Amino acid sequence: MGTNKIPSALTIGIARGGLEVKQFMRQRESVVFTLAFPIMLLGIFGSVFTNELTDGVTFSQYFVAGMIASGLVNTGFQQLAIMIPVERDFGTLKRLRGTPMPASSYFIGKVIVVFVSMVLQVALLLIAGILFFGVNLPTDPAKWFTFTWLIILGSAASTALGIAFSVIPKSGRGASAVVSPVVIILQFFSGVFFVFTDLPGWMQQVAALFPLKWMTQGMRSVFLPDSFAAREVAGTWETGRTFWIILAWLMAGLLISIKTFKWERDR
Amino acid sequence: MSSVINVRGLEKSYGSNKAVAGIDLSIQPGEIFALLGPNGAGKTTTVEILEGFRDRDRGEVSVLGVDPSVKGDAARTWRNRIGIVLQSTSDAGDLSVIETVSHFAKYYSNPRNVEEVIGAVGLAEKSTELIRTLSGGQRRRLDVALGIIGSPELLFLDEPTTGFDPEARRAFWALIDDLRKSGTTILLTTHYLDEAEALADRVAVINHGKIIEVATPELLGGRATSLATVSWHGPNGLQSERTDNPTALIRKLTETYKDEIPELTVKRASLEDIYLEMIGGADGHK
């Protein structure tokens, strides 16, 4: 036997990321769904609500922030909480468990594929928004800075929570029935489809417990003029609080994933 | 410590059901060892404990000198030395054979050459095809390729040829024979007795969570010395006699028939007969 070292968890994780991206790109239906669905929704909502919310802020502009934030939840949380039980059913996970690949490499691979599909999705959504729905991009570099950390931190948190939630569906077949309602309800509560402050107070308070509300608010701080902050619940963007809350959800997701991850179906 | 696998007093229960009720095993380097037993006999539980997939209740287990319940980096070092071919995997249809095998090669410290492994399992021509286009037998060969890519010292093979046609099974056996020549120790579980007979150096029969017997396929269940059935065409039609001394009987028959004994056959119990008797015997009270 040779004396080479076993590759590090990070090296294997990056290799897994490459493989996952390749697999994702080859599943045409899911590529189309992930990339085109947000654009379709933007088109529908942009056509239904044509009024301006305040001076110069169209509903499309408001909605783009919500779509990007819920894209984080869809590509990370929803996809993984549905896909991982399928991988468990297929025996993919059990096979991986029998190799020297550590669980952390598997998680790193998932973060990479979520991040890559997120970047593609946001790029296409913004291009379509600018071309067809009169969406304006921010010009302030500080806003782009917020945008960047929101995408990175949001993808990571959403991935970790998707892996954590994947223990709940008993089988791959039932997974989407368990996961999708959670996501759809959160989207309504978090001000993705409606102006958040127009929602009933109790809904706002429930939403504030979950990360999607904060991701959405964070994205609004990027895409809406600062004058609009006055119309938020706190009267400001609460950027610092947003960062800490999403980070806390990331940590919770990681912890739960490490403690409860299931490689095999219960028998 | 010279055994590759060493098991003493292994026990495992699920609720009130004692799946493994005190098993001892010792498997030597370079050996192909077959574990035979009906469904629910404790075969899978035993193997999964050895593979580190399951905890045990009691007993000592050492696989390549390591306790399979090992965690963390020590587990990675241990898994780097073993290969596992599971019963059924049906994943990753959107990757090609070579993409999958080269990816798994990245998990190990000393992987075998990817093309060589693909060739060894007979998939050279399918190398760039997507997995979802492979037949069942070809997929199984890919499973084996993934099991041996890390140049394991010990390979677990779980019912490798279930669902194969006879030709594919023969080809698969030849592949396992090549692995034997390379010195890999193999623990094989199978339902097929001809498979155990063709491949295994030793066979253990397991039932009700216990090992009933461990022997070479030729000697299992006293097969070599069991009664033989001698039959021939006598004056009153086909006649047969069970005897522990068929040679003496035939000598007697040659005196009666002088010339050729019509339709003479001597039949020893097949491994299957012996096996069915063994597991049936353990079930005898039913």
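Thresholds, definitions, all that
- Residues numbered from 1 in each chain as written.
- Chains lettered and ligands numbered in written order.
- Predicted model: local features only at pLDDT ≥ 70, side-chain atom pairs only at ≥ 80, totals over all residues.
- Heavy atoms only, no water.
- Pairing = 2+ DSSP bridges.
- Helix = DSSP H or I, 4+ residues; strand = E, 2+ residues; numbered from the N terminus.
- Axes fitted to C-alpha atoms, helices over the stretch in contact; angles between N-to-C directions.
- Contact = heavy atoms within 4.5 Å.
- UniProt positions renumbered as here; feature names shortened; annotations may be inferred.
- 1 Å grid on protein atoms, 1.4 Å probe; cavity = no way out; pocket = protein on both sides within 12 Å on 5 of 7 lines; lining within 4 Å.
- Points joined across faces, edges and corners; volume = space filled by probe spheres on them.
- Nonpolar A, V, L, I, M, F, W, Y, C, P; charged D, E, K, R; others polar.
- Buried area = accessible area lost by both parts, 1.4 Å probe.
- Salt bridge = Lys/Arg side-chain N within 4 Å of Asp/Glu carboxyl O.
- Polar contact = N/O pair within 3.5 Å; in protein donor to acceptor, adjacent residues only side chain to side chain.
- Patch = residues over 30% accessible without salt bridge, like charges linked within 9 Å, V, L, I, M, F, W, Y side chains within 5 Å.
- Areas by Shrake-Rupley, 256 points an atom, 1.4 Å probe, with all protein chains shown as cover.
- Expected span 1.5 Å × (residues − 1).
- Buried < 20%, exposed > 50% of the residue type's maximum accessible area, 1.4 Å probe, protein only.

## Thoughts on the sheet that holds strand S3 (residues 32-36) of chain B
Residues and elements named next belong to chain B. If you trace the six strands from one edge of the open sheet to the other, you get S5-S6-S7-S3-S8-S9, paired in mixed fashion. Whereas interior strands pair on both sides, the edge strands pair on one side only; in this sheet they are strand S5 (82-85) and strand S9 (210-215). On average, adjacent strands in this sheet sit at an angle of 15° to one another, irrespective of strand direction. Of the pairings in the sheet, the one linking strand S6 (residues 154-158) to strand S7 (residues 185-190) comprises five bridges and is parallel in character. Bridge pairing in S7 places Leu155 opposite Ile186. This element, helix H1 (residues 43-50), spans S3, S6, S7 and strand S8 (202-207) of the sheet and lies at about 155° to S7.

## A word on the sheet that holds strand S4 (residues 58-63) of chain B
Residues and elements named next belong to chain B. Here three strands make up an open sheet; going across it, the order is S2-S1-S4 and the pairing antiparallel. In this open sheet, the two strands that pair with only one neighbour each are strand S2 (17-27) and S4. Adjacent strand axes in the sheet meet at a mean angle of 25°, parallel and antiparallel pairs treated alike. Here eight bridges tie strand S1 (residues 5-14) to S2, and the two strands are oriented antiparallel to one another. Within the sheet, the bridge partner assigned to Leu10 lies in S2 and is Ile23. In the packing of H1 onto the sheet, contacts are made with S1, S2 and S4, and the angle to S1 comes to roughly 120°.

## Side note on the UniProt feature "transmembrane region" (unreviewed entry) in chain A
As recorded in UniProt, the sites labelled "transmembrane region" (unreviewed entry) are residues 31-50, 62-86, 107-135, 147-168, 175-196 and 242-261 of chain A. Along residues 242-261 of chain A one finds 95% helix and 0% strand; the C-alpha atoms at either end are 27 Å apart.

## Some details on the UniProt feature "domain: ABC transmembrane type-2" (unreviewed entry) in chain A
UniProt records the feature "domain: ABC transmembrane type-2" (unreviewed entry) at residues 29-264 of chain A, using the numbering of this structure. With 73% helix and 2% strand, residues 29-264 of chain A has end C-alpha atoms that lie 27 Å from one another.

## Notes on the layout of surface pockets
Volume-wise, the largest pocket comes out at about 860 Å³. The wall of the largest pocket is formed by 39 residues, among which Gln27, Ser30, Gln79, Met83 and Glu87 of chain A lie closest to the centre. Going through the elements one at a time, helix H1 (9-26), helix H2 (28-48), helix H3 (59-90), helix H4 (92-97) and helix H5 (103-132) of chain A together with helix H3 (97-105) of chain B are the ones with two or more residues in the lining of the largest pocket. Looking at which element gives the most residues to the lining of the largest pocket, the answer is H3 of chain A, with ten residues. Taken together, the residues of the lining of the largest pocket sort by class into 16 nonpolar, 15 polar and eight charged. The computed volume of the second largest pocket comes to approximately 690 Å³. The wall of the second largest pocket is formed by 27 residues, among which Arg97 and Trp263 of chain A together with Gly52, Lys71 and Arg79 of chain B lie closest to the centre. Mapped onto the lining of the second largest pocket, the elements with two or more residues apiece are S1 and helix H2 (72-79) of chain B. Broken down by element, the residue count for the lining of the second largest pocket peaks at six residues, all from H2 of chain B.

## Some points on the interface of chain B and chain A
With 31 residues of chain B at the interface, the matching set in chain A holds 31 residues. Counting the surface lost from both chain B and chain A, the interface buries some 2900 Å², and carbon and sulfur atoms represent 55% of this. Linking chain B with chain A are four salt bridges. In this structure, Glu48 of chain B and Lys94 of chain A form a salt bridge, with 2.3 Å as the shortest nitrogen-oxygen distance. Where chain B meets chain A, there are twelve residue pairs in polar contact (both at pLDDT 80 or more).

## Structural notes on the pairing of strand S11 (residues 237-243) of chain B
Residues and elements named next belong to chain B. Where strand S10 (residues 228-234) meets S11, seven bridges bridge the pair, whose relative direction is antiparallel. If you follow Gly234 over to S11, its bridge partner there is Gly237. Taking the residues that link successive antiparallel strands as the turn, the S10-S11 hairpin has two residues.

## As for a nonpolar patch on the surface
A cluster of nonpolar side chains, Leu124, Ile127, Ile130, Leu131, Phe132 and Leu137 of chain A, forms an exposed patch at the surface whose accessible area comes to about 590 Å². As for its position among the elements, Leu131 of chain A is in helix H5.

## Quick look at helix H7 (residues 172-189) of chain A
Because an α-helix completes one turn every 3.6 residues, residues spaced three or four positions apart along the sequence face the same direction. All names here are of chain A. Between its first and last C-alpha atoms H7 spans 27 Å; for 18 residues at 1.5 Å apiece the expected length is 26 Å, and the two agree. Gly172, Ala175, Val179, Ser180, Val183, Leu186, Gln187 and Phe189 are the residues of H7 that are buried. Looking at the buried residues of H7, the elements they touch are H3, helix H6 (141-165), helix H8 (201-207) and helix H9 (211-223). Of the residues flanking the end of H7, it is Gly191, one or two places downstream, whose phi is positive at about 80°.

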